Amino acid sequence: MCAVLSCCQGILSTPALAVIYTARQELIVVLLSQLCWLACRQPERAMVAQLFEVIHLALGHYLSIQQQQVNPRRAFGEMTGHLLQPCLVLRHLLSGGMWTQAGQGQLRQGLSREIRSQIEALLQGGAFQPELLSSYKEELLDQQQGDTKIGTMKNLLAPMDTLIARLLDVGYCEPSLRSAVIANSVALLYKLFLDSYFKEGNQLLCFRVLSRLFGCLRISHLQEEQIKALATSDWTTELLVVEQLLNSVASNNIYNIAADRIRHEEAQFHFYRRLAELLINHSQASVPAWFRCLKALMSLNHLILEPDLDDLLASAWIDAEVTDFRTKKAQEALLHTLFQTYVKLRQVPRLFEEILGVICRPAAEELRQPVLASGPSRVLCECLLELPPGQILDTWSLLLEKFQSLVLPYLQGDVDMALKSLSLSSLLHCIMFNMRSLDSSTPLPIIRRMQCTMERMLRELVRPLLDLLLDLQVPELELWLQKVSDSALLLSYTWAQVDAMLSINCSQYHSLSVALTDVATEISNLPLLLPGVETHQWKKIEKFTAQFDSLGRYCLEQLYLQKMKRTLMQTNFQSEEALRTLRCDAAYILDSGRESLNQRTRASWDAQVGTVSALTYPVAHWHLIVSNLTILISYLCPDDVRSLASVLLRTLPMSKAQEVSADEEPSITLEKISNSILHSPLFPEMQSLHSAFLMCLTEGCTSILCSGAQCDPSLLNQQLPWLFEKDHMMVALWENRFAKVGPEGVEPKGEIAQNLLSLVKSDFPIQLEGEQLESILGLLEVISTLQLDSLLTPYHVHYFLLLLSMAMIKLGSSCSSSLTLKFLMTCYRLLGYLQRGKSARSVLKIMYVSDIFEIILTSLFKASSRLPVNMDDPSWLEFLQVIGAFLEQLMQMLIQMKLSLVLNFGKISRFLHKLYTEAIAGKQVENQNCRGQQLILVSLTKLCQVLGPFVKERKQHHEAPEALCELLQKAVLHTGAVLQLCWAQGAQDHHLPSIFISSASTLLEADVGQHPRHRTETSQMTDEMTCSHTTFYQSVYSQLLSELPAFAEDSQCFQAAMRFLTLFFLTPELHPKKDSVFTSMFHSMRKVLAGVGAVICISLMREWKLRELMSPGSASLWDTWTEVFISQSLSSPSSPKLISEQRLGCWKVFWQHGTVCRLKCGWEDPTIPVQVIEDIEPHLGALFTQMLEVGTTEDFRMVMQCILQGLDVSNMWKADLQAVLSAVTLTKVLLSSPLSGEKARLFWSACPQIVTALTLQNREACQEQPVLLAVVGPILDLLAALLRQGEETISNPHHVSLAFSILLTVPLDHLKPPEYGRIFLRVHNVLFSILQCHPKVMLKAIPSFLNCFNRLLFSVMHEGRQKDKGGTDDLSVVLECARLVQRMYSHIAARAEEFTVFSPFMVAHYVTEVQKVTLYPTVKGLLQEGIYLILDLCIEPDVQFLRVSLQPGVRDIFKELYNDYVKYHKAKHEGEKRYTA
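All of these numbers come straight from a predicted model, not from anything done at the bench.

1. Topic: the packing of aromatic side chains
Line of reasoning, step 1. One pass over the full model with this rule turns up 38 aromatic pairs.
Line of reasoning, step 2. The interplanar angle of 65° and the centroid separation of 5.2 Å between the aromatic rings of Tyr255 and Tyr272 together place this pair among those described as edge-to-face. Linking Tyr255 in the loop between helix 11 (232–251) and helix 12 (257–263) with Tyr272 in helix 13 (residues 267–281), this pair joins segments that are 17 residues apart in sequence.
Line of reasoning, step 3. According to the relative accessible area criterion, Tyr255 is buried, its value standing at 7%.
Line of reasoning, step 4. Look at Tyr272 and you get buried, because its relative accessible area is 0%.

Here it is as structure tokens:
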């Protein structure tokens, strides 16, 4: 079969042979039919790709024949007789991703889409030709055609019957596929029919086709009971089709209510009514499409669903069991449409009457979900905000009547009635909470009616429900009583809240809480929970609700909170009575749910009162407390505050929270609530809670540390007393004790340090294992979220000692090296963060910096010897950076605070000398601690970095103490010795780590700073030291040059290498005598750029292959690319790091076999190498600037010669993109360097040659498929830079005009959003550079400028159009581009004199293009703001010219645009002018 397919492919792809089939149409029809049937039978995997290539070719040939077909009957007959069925089955299989799903990789997505498009074109060209319209009308509208010219069409009587008969044939596909194929084909055929025939006047014909095609679906026969009920999957498939049909009706305006009623006897209305009855009678609440179909029917005409409104509400809302998030969203959309429709009709009370009827009718209430979950609640809230107060009050009164008459009398002992009361209470709560509030401007009748309704509700509903609770003596708790209590307390809380809100906002409203003052109260002049209910009665209710976690208890907490708010609003809220009451109320709220928070529930709550249950009560209770902490915290006792802090710590997520999926409903959990308060800016302001939380964290860390104690707790308390302090203030008292000088010269300030140092040197009394370490890491993550730099002194000192102690603990064998390093890095990062704070000096009052330095290094030196980690492990190198940063910070504090500099630096230096001596003494390899040597190297490096600049600055002012100079000399000597030791141990045989390079740079900088070049006297020690270091510096220099290309991937290593090379270059005494340092460095830089260019090329090749954009005929191009990379890339020193021969070999084999393969190369994202170049450019530029300043003119000539050679277009022809990219980047780096004199003259004299070369390179890059964006982007960047900096030096306008030809060839379509954004910005920058920097060129080049600008404008409109499929994830990129267009419009408008003549044409271009698309509102708004500025340039004749000359459709767009311009922009502009001097 593969051989046959190969023959077919060869024949069809060769025009001379393909004529065999194209000359005889029946042959291509038979071939195409057989190929499609073969594909439908799901052939072997090996032949799939080739089979579809042949189908693609055959379809292309048939479509070209079909378009030339003059006999529509023949085309229709061929299509229906031979091609309809196999094409429909094949399209169904392709749409389902049969061969393109992940893991199969047999058929690429692009080819699948193309074949589906060809099938659709084939069906449309065969079944729905313009000549067949009269036949469809004859068949479906019973119209007799009188035209004698269609004689050949008379025999084709029923095209729709023919299509449907072929569609419903039995046996042309497997039974399991048949219904799905028919359903998908119905939607497709209707879409193609509308595309072909829909126009004004054909609405009835389109409806007839709809009804006939709908009859093909199985659900259309359900009412006739011809088949049994369908499975859910079948319902989903067919309802999706019905949804598409109804959406087509709505979008094409096929159903006109008036025309249908007057002209067609409501034919369409009756059809939609039958469909609505079918959907409602066969409820499918688990299928999202079912809700969407009902929504579409409601949008067509609310009367379609109104006769079955009660059943609709029951099946789609009240009785619906909806759990899936997508289904909930569909239900919410239906309810939104329903409510909005009745809001517009002003019939919301009627809708609520139906809702209440459904709720109150007999039903199994326990099976019902809460009436107002988050979705329906959102919809109802939005609806209520739009209603006038009169309709709100009507609905409210209706609810009260139904509650009183149908539910209240039958509550006792009836669970169903109790549940109904809770549903009605939830509705009433939603109405009262979400209505528009009354204010003093509300008409008085409305206020009076509101007053009466509130009084009636309290008197006739709330009080009777509470009395029912108080009067009953039930021996045991019953469900109905619990639900009645929930209902009563929910209404009580709602009533109290609304009463308070109305009394605040509306002065004419008289609160009943104030009016009912005759009720006996224990505390005079303070508010009650509810008017008329005595305190002892509330105690009884509290006792009752305390038996279960429920909505009632939550509402009672809300009542107490409301009471606190009303108390605080009184003038006497600071009296003893009021304060006592506030404390009692706050304590009750906290105590009410204290036990529930100990359950550690993982339940989620949707924040709706009606959904509070025993499961979600803890979340709701915690949400209430946290939301009102600012009120509660001032009235809680210390024990309660500590309890709150404990709950907060316990409920925090100890691992990173996962992002909420788009298909997951947002909800509230304990963890989310606690996390929000932890990150709240108000948290540190609540000092009592913040302090208690800090102490809870300390206790948590201490408990874990004590669990690993290896000595008696009392001894541990003596050794580390701060671990056991229960109050931060006790730690602060040490500050005063240690500030005093003890007898006999002993300084108590060093007591803690000596204690810690002795513990570290001997055996630290705490050892943690892996599980304990992970627990403490979780607490450290919490600590890291706090604002440690703003802690008060007591907390600061306590946490410093705690973190320092943790950093010194011993770690057991179960702790992995990665976990150990993570723990240590976290500790030292937090210590560094702490010491950057405002209380940093407080630590230095109890410990010397030198002592802290010694403790840390002693601990780390000991730990490093036991740490099983390689020296070049990235985590170890990162750890060294963290340690170095903290040590540097400590020493910088010494200098900033001027704290006994000689004393502290002397002790640090002596300690490091001791460590250095021990490191040098370990000559035997087995005795050496290499990681310890690296720690010493880091410490010495930081000492030189801190002390060197300080001593140098003091020397300039002749203030440097001699002792510090000597300390610096010793530090330099020791650093050099340790560096040479590391070098001797084999650093030269491996890639140099960034820590080594950084240390060498620091040593060199300190060496040069100590011994300036221009000196008259030099000590013998200095000469010897310089000589001994010179050889070392030269060795490092040589290795750096050889390894520099490999460092491009590691920004830290590359930056450190650039720093060393810069220092080395600026020290001529160190330069080798044989070679030119300038030349060596320059060629090394070229190798760096060439190596990164190779990776870019590899990424491009990978993209080409993955997209299968290379045709079989381009093998020679592929071979050329491969040979270039093998010969050039692999010869680069960067090859071991960046590219491997094996990888290229795999690609070669891959091409020869011609199979699709997902290449796994080191750079998964092709944009990464481009980012690498952008990252290394500044560092290259800094070095290059120094080189150019010192280099000679001959050196510069050599640089320019290399650049021009790299920009030669022959490099693009040879596919040597590395040379091109290297030259472009070097030119950009050169431009960023300050040039003067002869060097500047040389560069700008070569500028015309550079611009011409860029034009040719860009043209070649844009002709490649796919476009070489990795080359085009840097070319545009370089061009913009040349134009900006060449404002005064580029004298020939022709060279500036070449930029327009470059911009016109750059593609702006068929790009991925990130690529589009980057290219768009670069094109804009080039245009902006021309506009701003070359005004003389602009005088003659405005048409060219506008051509380029219009390309940007049109591309933004194309990318910013509203699409049928896909989300708005990429809209941010388009918005940024739209802002750039708007900004360019403003720059153009600022050059009014030049652009006034062209302004009407710019407006014409804009409206002509905007008429073709529907833009997203945000994109349209930005573009309109820009075009308004161009309209400012248009005079009245220009506006008249546009009104006359534009096409009719475009003219309407312009009219609308101009009206908006006059209304919004011009009026505002003229208004601003009035206030302008």
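There's more to say after this.
2. Brief notes about the side chain of His61
Line of reasoning, step 1. Mapped onto the fold, His61 is located in helix 4 (residues 45–68).
Line of reasoning, step 2. Judged by its relative accessible area of 19%, His61 is buried.
Line of reasoning, step 3. A polar atom in the side chain of His61 sits 2.8 Å from the backbone oxygen of Leu12.
Line of reasoning, step 4. When residues no more than four places from it in sequence are discounted, the contact partners of His61 are Leu12, Ala18, Thr22 and Ile28.

3. Remarks on the pattern of salt bridges
Line of reasoning, step 1. Taken as a whole and judged by the stated rule, the model has 39 salt bridges.
Line of reasoning, step 2. Close ionic contact of Arg292 with Glu243 constitutes a salt bridge, the shortest N to O distance being 2.8 Å. With a gap of 49 residues between them, Arg292 in helix 14 (residues 288–300) and Glu243 in helix 11 connect regions that are remote in the sequence.
Line of reasoning, step 3. Here Arg292 falls in the partly exposed class, since its relative accessible area comes to 27%.

4. Some remarks on the side chain of Ser842
Line of reasoning, step 1. Relative to the helices and strands, Ser842 resides in helix 39 (residues 840–843).
Line of reasoning, step 2. Judged by relative accessible area, Ser842 falls into the buried class, the value being 6%.
Line of reasoning, step 3. Of note is the side chain of Ser842, whose polar atom sits 2.5 Å from the backbone oxygen of Ser839.

5. Digging into a nonpolar patch on the surface
Line of reasoning, step 1. A contiguous nonpolar patch, built from Leu17, Val19, Ile20 and Leu27 and spanning about 310 Å² of accessible area, is present on the exposed surface.
Line of reasoning, step 2. Element by element, the count of residues in the nonpolar patch is highest for helix 2 (residues 15–23), at three residues.
Line of reasoning, step 3. Within the secondary structure, Ile20 is located in helix 2.
Line of reasoning, step 4. By relative accessible area, which is 48% here, Ile20 ends up partly exposed.

6. Section: the packing of helix 63 (residues 1399–1410) against helix 64 (residues 1417–1431)
Line of reasoning, step 1. Two elements in contact, helix 63 and helix 64, have axes whose closest approach is 9 Å; the angle formed by their N-to-C orientations is 160°. When the axis of helix 63 is compared with that of helix 64, the two are roughly antiparallel. Like other packed secondary-structure pairs, helix 63 and helix 64 cross with a definite hand, here left-handed. On helix 64, the residues touching Ser1399, Met1402, Val1403 and Tyr1406 of helix 63 are Lys1420, Leu1423, Gln1424, Ile1427, Ile1430 and Leu1431.
Line of reasoning, step 2. Of the residues belonging to the contact of helix 63 with helix 64, the class tally is seven nonpolar, two polar and one charged.

7. Here's the deal with the state of the cysteines
Line of reasoning, step 1. If you walk through the whole model with that rule in mind, you get zero disulfides.
Line of reasoning, step 2. For the unlinked cysteine Cys8, the closest cysteine sulfur is that of Cys7, found at 7.0 Å.

8. A short note on helix 8 (residues 159–167)
Line of reasoning, step 1. Listing the buried residues of helix 8 in full gives Pro159, Met160, Leu163, Ile164 and Leu167. Angularly, the buried residues of helix 8 cover 130° about the axis, an arc narrow enough to put them on a single face.
Line of reasoning, step 2. For helix 8, the secondary structure elements touched by its buried residues are helix 5 (72–95), helix 6 (109–127), helix 7 (133–141), helix 9 (175–197) and helix 10 (203–214).

9. Thoughts on helix 55 (residues 1217–1231)
Line of reasoning, step 1. The end-to-end C-alpha distance of helix 55 is 21 Å, a good match for the 21 Å that 15 residues give at a rise of 1.5 Å each.
Line of reasoning, step 2. Buried residues dominate helix 55, accounting for 14 of its 15 residues.

10. A word on the confidence of the model for the protein chain
Predicted coordinates in regions of low pLDDT should not be interpreted in detail.
Line of reasoning, step 1. Here the protein chain averages 82 in pLDDT, while 85% of its residues score no lower than 70.
Line of reasoning, step 2. Here residues 923–927 is modelled with pLDDT under 50, and outside its nearest four sequence neighbours on either side it reaches two contacts, counting other chains as well.

11. Quick look at unusual backbone geometry
Peptide bonds are trans in most cases, and residues, glycine excluded, mostly fall at negative phi.
Line of reasoning, step 1. Phi is positive for Asn253, which is not a glycine, with a value near 55°.
Line of reasoning, step 2. As for its position among the elements, Asn253 is in the loop between helix 11 and helix 12.
Line of reasoning, step 3. When its relative accessible area of 48% is taken as the criterion, Asn253 is described as partly exposed.

12. Topic: the packing of helix 32 (residues 687–707) against helix 36 (residues 770–785)
Line of reasoning, step 1. Axis separation between helix 32 and helix 36 bottoms out at 10 Å; the angle between their running directions is 165°. Relative to helix 36, the element helix 32 lies roughly antiparallel. The two elements helix 32 and helix 36 meet at a crossing, and its hand is left-handed. Judged by residue contacts, Phe693, Leu697, Gly700, Cys701, Ile704, Leu705 and Ser707 of helix 32 engage Gln772, Ser775, Ile776, Leu779, Val782 and Ile783 from helix 36.
Line of reasoning, step 2. For the contact of helix 32 with helix 36, a count of residues per class yields nine nonpolar, four polar and no charged.

Conventions adopted
Residues numbered from 1 in each chain as written. Predicted model: local features only at pLDDT ≥ 70, side-chain atom pairs only at ≥ 80, totals over all residues. Heavy atoms only, no water. Phe/Tyr/Trp six-rings, centres within 6.5 Å; stacked < 30°, edge-to-face > 60°. Helix = DSSP H or I, 4+ residues; strand = E, 2+ residues; numbered from the N terminus. Buried < 20%, exposed > 50% of the residue type's maximum accessible area, 1.4 Å probe, protein only. Polar contact = N/O pair within 3.5 Å; in protein donor to acceptor, adjacent residues only side chain to side chain. Contact = heavy atoms within 4.5 Å. Salt bridge = Lys/Arg side-chain N within 4 Å of Asp/Glu carboxyl O. Patch = residues over 30% accessible without salt bridge, like charges linked within 9 Å, V, L, I, M, F, W, Y side chains within 5 Å. Areas by Shrake-Rupley, 256 points an atom, 1.4 Å probe, with all protein chains shown as cover. Axes fitted to C-alpha atoms, helices over the stretch in contact; angles between N-to-C directions. Parallel < 35°, antiparallel > 145°, perpendicular 65-115°, else oblique. Left-handed = near helix turned anticlockwise from the far one by under 90°. Nonpolar A, V, L, I, M, F, W, Y, C, P; charged D, E, K, R; others polar. Disulfide = S-S within 2.5 Å. Arc of directions from axis to C-beta. Expected span 1.5 Å × (residues − 1). pLDDT = per-residue confidence, 0-100.

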